[in-house]
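# Coordinates in review
Now for the letters of each chain:
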Amino acid sequence: MLKKLSFLLLIAFLSIITTIYLHKNKHKKPATLNLVSLHKIKTLDPILCIDTHSFIHINSVYETLFKYDPFQKNEIKPCLSKNLPIKENNSYVIKLKKGVKFQNDECFSEGKGRELKSHDIKFSILRNADPNLNGKHFWLLDGKIKGLNRWRKNQRKKNQTDYNEEVEGLKIIDDYTIKISFEGDNRQFYQIFASPFSVIIPKEAQDYYKKDFGNSPVGTGPYEIKKFDPQSNKIVYSKNSNYRDERFPTEIPENLKLKFKNSLGKTLPLVDNIIVHIVTETSTRLLKFKNREVDAINITNDNINFSLIKDGKLISDLEKKGIYLYNKNEVNTSYIGFNFNNKIFNNIKLRRAISLAFDRKKYNKLFYNDNSTTAQSMIPPSIEGYEKKYINPYCAYDVERAKQLLEEAGYPQGKGLPKITLDIRSGTIYRQKAIFFKECMREIGIEIKIRTNPFSELLNRIFKGNFMLFDLNWQLDFPDAENILQLFYSKHITPNGFNFTRFKNEKFDELYEKINLISDQERRIILYEEMNRILGDLVPAIFLNHKNHLVLCQPWISYIWTPFNFDLIQYIDIDDTIKQKFQISK
Amino acid sequence: MNIIVYIIKRILYAIPVFFGVSFLIFIMFNIVAGDPTIMLLGKYATAKQMADLRHYLGLDKAWYLQYFDILKSAFTFNFGHSWATKQLISEMIKSGAKVSLTLSLPSFIISSIISLIISMISAFYRGKWIDKFLVLICVIMMSISALSYILFGQWILAYKFGLFPIEGYEYGFPFFIPYIILPCIIWIILSTGSDIRFYRTIILDELYQDYVRTARAKGLSETMIFCKHILKNAMIPIITNLIIQIPFLILGFLLIENFFGIPGLGSIILDAINNSDFPVIKAITILTASVYIVFNAITDILYVILDPRINLK
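Residues numbered from 1 in each chain as written. Chains lettered and ligands numbered in written order. Predicted model: local features only at pLDDT ≥ 70, side-chain atom pairs only at ≥ 80, totals over all residues. Heavy atoms only, no water.

Let us look at the confidence of the model for chain B. Of all residues in chain B, 97% attain a pLDDT of 70 or more, and the chain-wide mean is 87. Mean pLDDT across the elements of chain B ranges from a minimum in helix α2 (residues 37-41) of chain B, with 77, to a maximum in helix α7 (residues 146-160) of chain B, with 94. (pLDDT = per-residue confidence, 0-100. Helix = DSSP H or I, 4+ residues; strand = E, 2+ residues; numbered from the N terminus.)

In this section: a nonpolar patch on the surface. Residues and elements named next belong to chain B. Taken together, I3, I4, I8, L12, I15, F19, F75 and I305 make up a surface patch of nonpolar side chains, about 760 Å² in accessible area. Here the nonpolar patch takes 6 residues from helix α1 (residues 3-32), the largest share from any one element. For I3, the position within the fold is in helix α1. Overall, I3 belongs to the partly exposed group, its relative accessible area being 30%. (Patch = residues over 30% accessible without salt bridge, like charges linked within 9 Å, V, L, I, M, F, W, Y side chains within 5 Å. Areas by Shrake-Rupley, 256 points an atom, 1.4 Å probe, with all protein chains shown as cover. Salt bridge = Lys/Arg side-chain N within 4 Å of Asp/Glu carboxyl O. Buried < 20%, exposed > 50% of the residue type's maximum accessible area, 1.4 Å probe, protein only.)

All names here are of chain A. When you line up the elements, E246 lands in the loop between β9 (234-239) and α7 (254-257). The class for E246 is partly exposed, based on a relative accessible area of 21%. Measuring from C-alpha to C-alpha, the distance between E246 and K266 comes to 8.5 Å, with 20 residues separating the pair along the chain. Those residues in contact with E246 that lie beyond four places of it in its chain are K97, K266, T267 and L268. Here K97 takes part through its side chain, which lies 3.5 Å from a polar atom of the side chain of E246. (Contact = heavy atoms within 4.5 Å. Polar contact = N/O pair within 3.5 Å; in protein donor to acceptor, adjacent residues only side chain to side chain.)

Further remarks concern the sheet that holds strand β8 (residues 223-224) of chain A. Within a beta sheet, neighbouring strands are joined by backbone hydrogen bonds and run either parallel or antiparallel to one another. All names here are of chain A. Reading across from one edge, β1-β10-β9-β8 is the order of the 4 strands in this open sheet, with mixed pairing throughout. With one partner strand each, in any of the chains shown, β1 (32-37) and β8 form the two edges of the open sheet. Pairing analysis gives 2 bridges linking β8 to β9, with the strands arranged antiparallel. Following the sheet pairing, E224 is matched in β9 by S238. Strands in contact with helix α2 (residues 52-61) are β1, β8, β9 and β10 (273-278); relative to β9, the strand with the most contacts, it is inclined by about 25°. (Pairing = 2+ DSSP bridges. Axes fitted to C-alpha atoms, helices over the stretch in contact; angles between N-to-C directions.)

Further remarks concern the domain arrangement of chain A. All names here are of chain A. As assigned here, chain A comprises domain 1 (43-220), domain 2 (254-329 + 549-584) and domain 3 (332-548). A separation of 33 Å is found between the C-alpha centroids of domain 2 and domain 3. Taken together, the 11 residues of domain 2 in the interface contact 16 residues of domain 3. With both chains or domains summed, domain 2 and domain 3 bury close to 1,100 Å², and 49% of this area falls on carbon and sulfur atoms. Here domain 2 and domain 3 share 0 salt bridges between them. Seen at the junction of domain 2 and domain 3, the total is 2 residue pairs in polar contact (both at pLDDT 80 or more). Contributing elements (two or more residues each) for the side of domain 2 that touches domain 3: α9 (303-308), β14 (324-329) and β20 (541-553). At 3 residues, the largest contribution of residues to the side of domain 2 that touches domain 3 is made by β14. Within the side of domain 2 that touches domain 3, the residues separate by chemical class into 4 nonpolar, 6 polar and 1 charged. (Domains from an automatic or database assignment. Buried area = accessible area lost by both parts, 1.4 Å probe. Nonpolar A, V, L, I, M, F, W, Y, C, P; charged D, E, K, R; others polar.)

Moving on: the pairing of strand β19 (residues 469-475) of chain A. All names here are of chain A. Of all 7 residues that make up β19, 5 are buried, and the element is covered over most of its length. Bridge count between strand β17 (residues 420-425) and β19: 2 bridges; the pairing is parallel. Paired with L422 across the two strands is L469, which belongs to β19.

Before going further, it helps to examine the interface of chain A and chain B. On the chain B side, the residues contacting the 53 residues of chain A number 50 residues. Counting the surface lost from both chain A and chain B, the interface buries some 4,600 Å², and carbon and sulfur atoms represent 56% of this. At the boundary of chain A and chain B, one finds 4 salt bridges. Here A:R156 ties to B:D52 by a salt bridge, and the two come within 2.4 Å at their closest N and O atoms. Linking chain A to chain B there are 11 residue pairs in polar contact (both at pLDDT 80 or more). No other element matches the 7 residues that helix α1 (residues 2-26) of chain A contributes to the side of chain A that touches chain B. Its residues assigned to classes, the side of chain A that touches chain B shows 19 nonpolar, 18 polar and 16 charged.

Right, let's talk about the sheet that holds strand β7 (residues 177-181) of chain A for a bit. Residue and element names in this part refer to chain A. Strand order in the open sheet made by the 4 strands is β4-β5-β7-β6, with antiparallel pairing throughout. Whereas interior strands pair on both sides, the edge strands pair on one side only; in this sheet they are β4 (87-88) and β6 (170-174). Looking at chain direction, strand β5 (residues 91-95) and β7 are connected through 5 bridges and run antiparallel. Residue pairing across strands places V93 opposite K179, the latter belonging to β7. In the packing of helix α3 (residues 118-129) onto the sheet, the strands contacted are β6 and β7, and the crossing angle to β6 comes to about 170°.

This part covers the packing of helix α6 (residues 129-143) of chain B against helix α8 (residues 177-207) of chain B. Residue and element names in this part refer to chain B. As a packed pair, α6 and α8 sit with axes 8 Å apart at the nearest point and diverge in direction by 135°. When the interaxial angle is binned, α6 and α8 end up oblique. As for how α6 packs across α8, the hand of that crossing is left-handed. From α6, D131, V135, C138, V139, M141 and M142 reach across to α8, where they touch I189, T192, G193, S194, I196, R197 and R200. When the residues that make up the contact of α6 with α8 are grouped by side-chain class, the tally is 7 nonpolar, 3 polar and 3 charged. (Parallel < 35°, antiparallel > 145°, perpendicular 65-115°, else oblique. Left-handed = near helix turned anticlockwise from the far one by under 90°.)

Take the pattern of salt bridges next. All names here are of chain B. Enumeration over the complete set of coordinates arrives at 39 salt bridges over all chains. The residue D131 makes a salt bridge to R200 at a minimum N-O spacing of 2.8 Å. Note that D131 is positioned in helix α6 and R200 in helix α8, a separation of 69 residues in sequence. In this structure D131 comes out as buried when scored by relative accessible area, which is 3%. For R200, a relative accessible area of 16% gives the class buried. Note that D210 and R213 form a salt bridge whose closest N and O atoms lie 3.4 Å from each other. Within this pair, D210 and its partner R213 are both found in helix α9 (residues 210-217), separated by 3 residues, close to a single helical turn. In terms of burial, D210 and R213 fall into one category: exposed.

Encoded structure:
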């Protein structure tokens, strides 16, 4: 009896497994791009999202008025706007493309996506400023658009936001035209409306989904996500059937033509279906990639990086399988900031000694497998103002000179110097980096105490000035050196801005204030370079490195990434012939 | 004392425990933990925005009002919305617990059965080579870390031999089954080692009791003594141990869920910690503590019912 029962149970179990596999195979589609996200996506509400990895998803569904050209370095081109408007008396008249439709969704009448109109632009801007929604990107518009701050103040007193209340700087001229007026000269106009936070959303979606709006994106972009669940382990995209006829550009730089030869002129998005697998564990991610289950994976700076890349090249084992490495500069700077409210750090010789005692080359080798650029100052490569030839003498590794400077600073062999606390965020890699820093400083007699904090606590410490040294990384939000140089402008000393080090320098401030008065880009770049050199010379922080964007790609995909484009998934193509060839030989 | 009175008394005892737990949670998250607003607002947070958000989240209220909010949410089970995902926390817990249970329940049942059987065999053949071998295996199983089993399972069984998916999860029966087999196997391996040792000790404890000697003196066979007398008495602590594990089943297994991409409660907790999503952490802590208190009370009551030797007073 027992034997019979066990046999029946075994048969039932095997049938279930077979059913599942048959079901799965029945629904398999040939052209599906399988990507991986390293982090879970918290929300798809553009005004509440703060992490860059989530913006890739937001900007695949929603669109902005302008966008960065993925094939021309930091160049902005129209997206929802018909053209790039010209400034007249600090105002811009934006004409929208006609026939742009939102995706079909139950928030619209009869579930059919309606045409994008100028009131959607006004609503999206107001939503960003709505105090009742606690949006996180108001800084982008703060004090810039005429009457917007007043509108925000008025809404604070109300229980429900009035989106119909007039705002002086937002005038709807007709269904396809809106005029945006600024308080003063705003040279970052295009960047503001090309930023991933400035996407256009329909009011119906917010009214219909209410609290669930962040999980129910409704946009005009190339893709749609039917239902998003932040707890789910994957995000499934399908092509937005209402997406207009957009084409892969035919005019792209010569060096990219071979890579994208099959994509030129094709309708976007190039792949109709995408599955983004959320795999937070590095080893699991790599196994899925090696098993050809996913088409590309980001390589983080951990042991996996070291096991895959040798001397900047992929190990031959992977190369034989046709896998290639996509390696590009990101736009960030890692630095260890001094607290200028602490008197000891007002001693420039001490700061220079600390900077000289830090072995950046070894740091880059140990923690980044030489896949990052050693920093000479604050501005990262690929941002105007960065000088490739500039070598900062205080970013060299020179222990003898550091010892000499320390002595001149009044602390021979570190004597008389209190123990310096370095605040870092918790995590093995951060701790290892801090230990390396500690060892470097010990060489010249400086004692470092490492204090680990949960990230929120580290930010709180920095915000309140309750630290001696802090370790942080700054990612640029738009391709303008001002975005990173602001970290040392004295009027931006925290809490008035993001000058966390509390650094003050008259010459630097003077140049910073000049930036906005100069319209000529060439002259501005000269100023940026000068400011960057001032920082390099005065060492308000120990400039560490600029990280790279490393992605492992399967041979059949044409991968593309640029730092300020978040809508690039639509440009990734799959070559089915190559895919089949490699999958057969697997 | 009447059993009903005992049950009422046991429930009343649970109330101060619950207040104590909720107060501890309040101290941990509302007093000791840092200001979460900067994390929630991102790098462009201003002092004004932080103050606004603190007000919006009710973090600027008097401490006793904040504690009252925790108590209220604990009694009404209305934990509000997650700070990070804006989802209803009760819904998050419900869906996460369901997923965790698809993994933890079969693992728990199978591992309990296996542990019981092996521990009985081991105790029955106590001191013999089979017992020694089983104890050695248990010690080895316990000594290897969970991470090693996971990495080995994913690398060898899933990647090299392709027996299971490397990671992933599909909602709904029976689609989740292929994805939970490997995690289940690892869970079973991880829990059986210690369970076998524990159950074996309990059974062996009973072996040296007076009533066993009496039974032997009466001439009963070893099998009869073992099955009819020893097992019956050993079952009480074993059942207690099993019941007390039940509340933790909804929490899943953080490490396994994380490596296998199973969107259960374990992975929700991990995300909440990473995002400083205090309402979610508080809700899960309160819920787990409540369920634990309830199951603890049930265990005590069951003790009294199953073992008449225990005095109600």
